[in-house]
Amino acid sequence: MELLSPAGNVEKLYYAYAYGADAAYIGLKRFSLRVKADNFYEDEYKKVIELKEKFPGKKLHCALNICFHNKDIDNFLSDIDYFKAYPIDAFIVQDLGIVPIIQKNFPNAELHLSTQASCVNREAVKMYKSIGFNRVVLGREASLKEIREIKDAVPDIELEAFVHGAMCIAYSGRCLMSSLLTARSAQSGFCSHTCRWDFDLHADPKQLAQSGALAIEEHSRRGEYFPIYEGDDFTAILSSKDIRMIEHLKDMRDAGLDSLKIEGRMKSTYYVALVTRAYRKALDALDGKITEAEAKPFIDELENVSHRESTTGFYYSRADADKTTQGASDSAYDLSATIGKKLTDDEMKTVLDTALKTKSDLEAELEAMHPKAREARLKDYELNPDRRIVPAEKKDGWHMYEYEGLNMVDYDSQLEFVSPDVVSTPAEKGKWLLLDPENGTVRNWVCNGHKCVLYTQYDLQKGTLLRVKDNGYVEGKVRDTGR
């Protein structure tokens, strides 16, 4: 089975591929149902081409899954040459009006039906196949039993289904609530996730007794009431649990699925990397490439990325899908930095030579000072060691890596390296330094925007990420993040 991961930008596309995805799906500005994802624009197609060359055999799917208005069709046609610059293997669409345009302008690209089309039966799959679709991304409401029936009826079309991530409370994501409350249409890519907000329940006792009328009020929008109606055969409203099927991959394979899709183009790089890695290892174990024992530590790491309570969705029983939850996603770790390429010996020498020059200049500056001024400076360094400028020194067996800081890190941070094939490695104090490459000095701390290289005795795999323990995280308790 293909493992298909989300990529909201070029960086996430790299980590999706590096951490084991067979394919990744992206969106382009204005034509994707995740317009709040960074998406792809301008000359980023050049970087995408480079990534495809770096990861031969990996596929790229492009989501064009909005409901197209006339102006959207016109905009798409005007941008058609730009789209052709991307090495797109397949388009994901729900609006049939765009199909002949894609078939004419992208004859070598496959057509994949979006889950938004709510395709959950064999006759619909036959129809979509007849008009040129190569794959159907089934609606989340299809059970494994129904999927097997569809595959038996239409064996020569690929079937794809979601395996992990958020599940919309509306039927196949056809939600009107965001549009109603915020004037941001989910069908045009502007979903504000109103179903996950915090609401208070209001009811007039007399009305309730007579008609069962109920209303909810969202915490930050006092005075705005949203009526709800609850029937006898369901109990769920609003915020659904997330799908997690990593323990049931054999059942998905036996049902006839060709591709497993991870939800989350708006999720973080850290999320994309670790969820992709967990499912890659689980699939490798299913295929006998590694043992279940070898895969287990990677699967366990799903608890260390942002998540909410999980369910198997509609795959086994609607009752599972109807179970709701509350609160935002939470994680025990924050992503501190991405680790880039390993510096060559010559590049390391340049940084260390710069450090030697800085050391020489500092010594000359001290020597030129009045004795009393020099004594005061040295006393200040003694009382305030953080003020001392410390040039780096050559350490045998150490390596340097490009370092892109995302959150603040100092030498008291509880850091861990994670990589495609290593679950995690604690970054022990004394075995790594953060250097300013411009003067070769040791930085006391680093934050986003600081130029930095990582100097360490650890030999790190390509694609390594640096994470930090979030001391505010309490296992089993979802924090109130304000949204």
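Notes on the structure follow.

Thoughts on the overall build of the protein
- Secondary structure assignment for the protein yields 15 helices and 23 strands.
- Residues classed as buried in the protein amount to 49% of the 483 residues present.
- A total of about 23,700 Å² of accessible surface is found on the protein, and carbon and sulfur atoms cover 49% of it.

Digging into the pairing of strand β18 (residues 422-426)
- Examined bridge by bridge, strand β17 (residues 415-419) and β18 share three bridges and lie antiparallel to one another. Opposite F417, over in β18, you have T425 as the bridge partner.
- Here β17 folds back onto β18, and the loop between the two strands holds two residues.

Brief notes about the packing of helix α1 (residues 10-18) against helix α11 (residues 269-286)
- The contact between α1 and α11 brings their axes to 8 Å, and the two run at 15°. In terms of orientation, α1 lies roughly parallel with respect to α11. Taken as a pair, α1 and α11 cross one another with a handedness that is right-handed. Each of E11, K12, Y15 and A16 in α1 lies in contact with α11, whose residues at this interface are T269, V272, A273 and T276.
- For the contact of α1 with α11, a count of residues per class yields four nonpolar, two polar and two charged.

A look at the environment of R443
- The topology assignment puts R443 in the loop between β20 (441-442) and β21 (445-446).
- Linking R443 and L433, residues ten residues apart in sequence, is a C-alpha distance of 7.8 Å.
- For R443, the residues in contact, after removing those within four places along its chain, are Y411, L434, L435, D436, H450 and K451.
- Looking at R443, its side chain comes within polar contact range of the main-chain oxygen of K451, at 2.9 Å.

Describing the sheet that holds β18
- Spatially, eight strands are ordered β18-β17-β23-β14-β15-β22-β19-β20 in an open sheet, and the strand pairing comes out antiparallel. The open sheet has two free edges, formed respectively by β18 and β20, since each of these has just one partner strand.
- Of the strand pairs in this sheet, strand β15 (residues 399-405) and strand β22 (residues 453-456) are connected by four bridges, and their pairing is antiparallel. In the sheet register, Y401 faces β22, and the bridge partner there is L454.
- Along the sheet, helix α14 (residues 345-368) makes contact with β14 (333-342), β15, β19 (432-436), β20 and β22, crossing β15 at roughly 85°.

Notes on the pattern of salt bridges
- Scanning the entire structure with this criterion turns up 34 salt bridges.
- With a shortest N-O distance of 2.6 Å, E301 and R467 are connected by a salt bridge. Of this pair, E301 sits in the loop between α12 (292-300) and β13 (310-311) while R467 sits in strand β23 (residues 465-469), placing them 166 residues apart in sequence.
- Taking the relative accessible area as the measure of exposure, R467 reaches 1% and is therefore buried.
- Put simply, E347 and K341 hold a salt bridge, and the shortest N to O gap is 3.0 Å.
- By relative accessible area, which is 32% here, E347 ends up partly exposed.
- Salt bridges sharing common partners tie together E2, R135, E158, E160 and K261.

Focus on α11
- End to end, α11 covers 26 Å across 18 residues, agreeing with the expected 26 Å (1.5 Å per residue, within 8%).
- Within α11, 17 of the 18 residues are buried, leaving the element largely enclosed by the surrounding structure.
- A positive backbone phi angle near 80° is found at G288, which sits one or two residues after α11.

A look at the packing of α11 against α12
- Close contact between α11 and α12 brings their axes to 8 Å; oriented N to C, the two are set at 165°. As judged from the angle between their axes, α11 and α12 are roughly antiparallel. Considering the relative orientation of α11 and α12, their crossing is left-handed. Taking contact as the criterion, the partners of R277, A278, K281, A282 and A285 in α11 are, on α12, E292, A295, F298 and I299.
- Considering only residue class, the contact of α11 with α12 consists of six nonpolar, no polar and three charged.

Reading the values: the criteria
- Residues numbered from 1 in each chain as written.
- Predicted model: local features only at pLDDT ≥ 70, side-chain atom pairs only at ≥ 80, totals over all residues.
- Heavy atoms only, no water.
- Helix = DSSP H or I, 4+ residues; strand = E, 2+ residues; numbered from the N terminus.
- Buried < 20%, exposed > 50% of the residue type's maximum accessible area, 1.4 Å probe, protein only.
- Areas by Shrake-Rupley, 256 points an atom, 1.4 Å probe, with all protein chains shown as cover.
- Pairing = 2+ DSSP bridges.
- Axes fitted to C-alpha atoms, helices over the stretch in contact; angles between N-to-C directions.
- Parallel < 35°, antiparallel > 145°, perpendicular 65-115°, else oblique.
- Left-handed = near helix turned anticlockwise from the far one by under 90°.
- Contact = heavy atoms within 4.5 Å.
- Nonpolar A, V, L, I, M, F, W, Y, C, P; charged D, E, K, R; others polar.
- Polar contact = N/O pair within 3.5 Å; in protein donor to acceptor, adjacent residues only side chain to side chain.
- Salt bridge = Lys/Arg side-chain N within 4 Å of Asp/Glu carboxyl O.
- Expected span 1.5 Å × (residues − 1).

So, to be careful, I would describe these as geometric facts and stop short of saying anything about function.
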